Structure formats: C-alpha cells, structure tokens
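So you can see what is in the structure, the chains are spelled out below.
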Amino acid sequence: MTVPLPAPRDPAAYRVAVVCLGNICRSPIADVVIEQRLAEAGLSGSVTVESFGTGPWHVGEPMDERSARVLREAGYDATRHRGRQVTAEHAGRFDLVLGMDHANVTDLVALLPGDAERILRFRDLDPEGPGDVPDPYAGGPEGFTSTLAVVERTADALVDRLGDTLPVREPTA
C-alpha cells in the first residue's frame, strides 16, 4: 500500500522537513540527497527541503564527518549543512515532515500536534518497505554507507511521487 503524500498548503511550493535525533547524521544525508534528486528532476523550484534534529546537542555544527565523507565519496556536496533543532515554532510550516525513526515521529507528533497527519517515517516511502532508518552514529563506516543506500532509494521514490503531482519550475534566485 502506498502512503499518500499530504497536499501542499501552498500550491506554489511544497515544503519537506527531514528530522532525526541530532541533525548530524541521517537527516543531513537525506537533505543533501533529496535536494540533488529534486534538482535533477527539475523540481528544485517547486520543493524545498530542510533538516532538523529533535534534540539541541548539535545546533550550529556541521554534519558528522562520517556522514560528510560518505556523501562526498558518492559525489554529493556535503558542505552547507549546519545543525538545527525543530521546535513548536515550526508548526504549520511544512507540507511533509519525515522522521527517521519511530522515536523521532513520536517526538514530532508531540511537538507539532496540529501537523500529525503530515508526519511520516522516512521509510514509509521506501519501495522496499517501511521501517526505521537505523542511526549510524555509534557504529562504524558501514552504517553510514547503508544509511545512504536507504536514503537514496527512498529519496528517488519521494521525488518520483512529487514529480507526478507538482509542476516543474526552475528555482528562483
């Protein structure tokens, strides 16, 4: 069963947030990959992506070097990210909020209760099936590589679905 994407709040732009615990591993990887896939599909003018953590520990910091390394090795630009925390002030701002795991989703629903119908687990859109994106932070490099693989196939599915429903627009300067 395909999980439906929430309708855009504003037909001129679709806003996506990707959220993990600290905003230095999983959600920055997803942000970078989705943005590149959107650009390749001609949708970067129609869709914006932002990443956040549910916790405050890494606000203002770059992504974990292991995340940046796996992205660079796969040909992505990992230089622009700085850690941010999602807060209640973000309520009503996004069309789709994707938590990387069940705990992130639970935290997001509590923090953004009015947006609960717009909050999904990232892998709810994974063509290989739903589940959590495992947190690679405490592990070795292979965890970051497998996280990237999950993110890439799920990002492809997300962008395909957005492309089926949104107009292609060039980004504005």
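So, here's what we can say about the structure. (Residues numbered from 1 in each chain as written. Predicted model: local features only at pLDDT ≥ 70, side-chain atom pairs only at ≥ 80, totals over all residues. Heavy atoms only, no water.)

## Some remarks on the overall build of the protein
To keep things clear, this is the line we draw: Secondary structure elements are defined from DSSP: runs of H or I of at least 4 residues count as helices, runs of E of at least 2 residues count as strands, and each element is numbered from the N terminus. Burial here depends on accessible area, computed with a 1.4 Å probe over protein chains only, as a share of the maximum for the residue type. Under 20% is buried, over 50% is exposed, and the range in between is partly exposed. Whether two residues are in contact is decided by their heavy atoms, any of which lying within 4.5 Å being enough. Counted as positive: Lys and Arg. Counted as negative: Asp and Glu, with His and the chain ends omitted from the count. A charged residue contributes its charge at one atom only: NZ of Lys, CZ of Arg, CG of Asp or CD of Glu.
When you go through the protein residue by residue, the secondary structure sums to 4 helices and 4 strands. Taken from the N to the C terminus, the helices and strands of the protein come in the order β-α-β-α-β-α-β-α. For the protein, the spread of C-alpha atoms along the three principal axes comes to 40 × 35 × 35 Å. Counting across all 173 residues of the protein, residues that qualify as buried make up 50%. For the protein, the share of sequence-separated contacts (at least 6 apart) that also reach a separation of at least 24 residues comes to 75%. Within the protein, one finds 17 positive and 27 negative side-chain charges whose respective centroids are separated by 2 Å.

## Considering the packing of aromatic side chains
For the record, the criterion: When the centres of two rings from Phe, Tyr and Trp lie within 6.5 Å, Trp using its six-membered ring, the rings pair. Their planes under 30 degrees apart give stacked, over 60 give edge-to-face, and anything left gives tilted. The criterion is that NZ of a Lys, or CZ of an Arg, lies within 6 Å of the ring centre and within 35 degrees of the ring normal, and then a charge sits over that ring.
According to the stated counting rule, one finds 1 aromatic pair in the structure shown. Aromatic pair Phe52 and Phe94: ring centres 5.8 Å apart, planes at 75°, arrangement edge-to-face. Of this pair, Phe52 sits in strand β2 (residues 47-53) while Phe94 sits in the loop between α2 (65-73) and β3 (96-99), placing them 42 residues apart in sequence. This pair shows no difference in class: Phe52 is buried, exactly as Phe94 is. Sitting above the plane of the Tyr137 ring, Arg66 keeps its charged end 5.4 Å from the centroid.

## With respect to unusual backbone geometry
Within the chain, Asn23 stands out as a residue other than glycine whose phi angle is a positive 65°. Structurally, the position occupied by Asn23 is in the loop between β1 (14-20) and α1 (26-40). By relative accessible area, which is 0% here, Asn23 ends up buried.

## Remarks on α2
To keep things clear, this is the line we draw: By definition, the arc is the one covered by directions from the helix axis to the C-beta atoms. N or O atoms within 3.5 Å of each other form a polar contact, as long as, within protein, one can give a hydrogen and the other can take it, and as long as residues adjacent in sequence are counted only when both atoms are side-chain atoms.
Every buried residue of α2 is accounted for by Ser67, Ala68, Val70 and Leu71. Buried positions in α2, seen along its axis, are confined to an arc of 165° and lie on one side of it. Those residues of α2 that are buried lie in contact with α1 and α4 (141-165). The N-cap residue of α2 is Asp64: its side-chain oxygen and the backbone nitrogen of Arg66 are 2.7 Å apart. Downstream of α2 by one or two residues, Gly75 has phi in the positive range, about 90°.

## Regarding the side chain of Asp64
Of note, Asp64 is situated in the loop between β2 and α2. Apart from residues no more than four positions distant in its own chain, Asp64 is found in contact with Ile24, Cys25, Tyr137 and Phe144.

## Focus on the environment of Ser44
Mapped onto the elements, Ser44 comes out in the loop between α1 and β2. On a C-alpha basis, the gap between Ser44 and Tyr14 in space is 9.9 Å, while along the polypeptide they are 30 residues apart.

## Remarks on the sheet that holds β3
Rule in force here: One bridge is not enough; two strands pair if DSSP finds at least two bridges between them. Helix axes are fitted only over the stretch in contact, all axes being lines through C-alpha atoms; the angle between N-to-C directions runs from 0 to 180 degrees.
Overall, parallel pairing links the 4 strands, which are arranged β2-β1-β3-β4 in an open sheet. Two strands in the sheet have a free side with no partner beyond their single neighbour: β2 and β4 (119-121). Between one strand axis and the next, the sheet turns by 25° as a mean value, whatever way the strands run. Here α1 sits on the sheet and contacts β1 and β2; the angle it forms with β2, its principal contact strand, is near 170°. With respect to the sheet, helix α3 (residues 102-111) is in contact with β1, β3 and β4, its orientation differing from that of β4 by roughly 170°.

## Here we look at the pattern of salt bridges
Where we set the bar: Here a salt bridge means any side-chain nitrogen of Lys or Arg lying within 4 Å of a carboxyl oxygen belonging to Asp or Glu.
Taken as a whole, this structure holds 18 salt bridges when the rule is applied. Between Arg26 and Asp101 there is a salt bridge; the shortest N-O distance is 3.0 Å. Remark: Asp101 occurs in the loop between β3 and α3 and Arg26 occurs in helix α1; sequence separation between them is 75 residues. A single burial state applies to Arg26 and to Asp101, both of which are buried. Its salt-bridge partner being Asp135, residue Arg26 comes within 3.7 Å of it at the nearest N-O pair. Here the residue Arg26 occupies a position in helix α1, and Asp135 occupies one in the loop between β4 and α4, the gap between them amounting to 109 residues. Owing to a relative accessible area of 1%, Arg26 belongs among the buried residues under this scheme.

The quantities given are spatial measurements derived from coordinates; they are silent on function.
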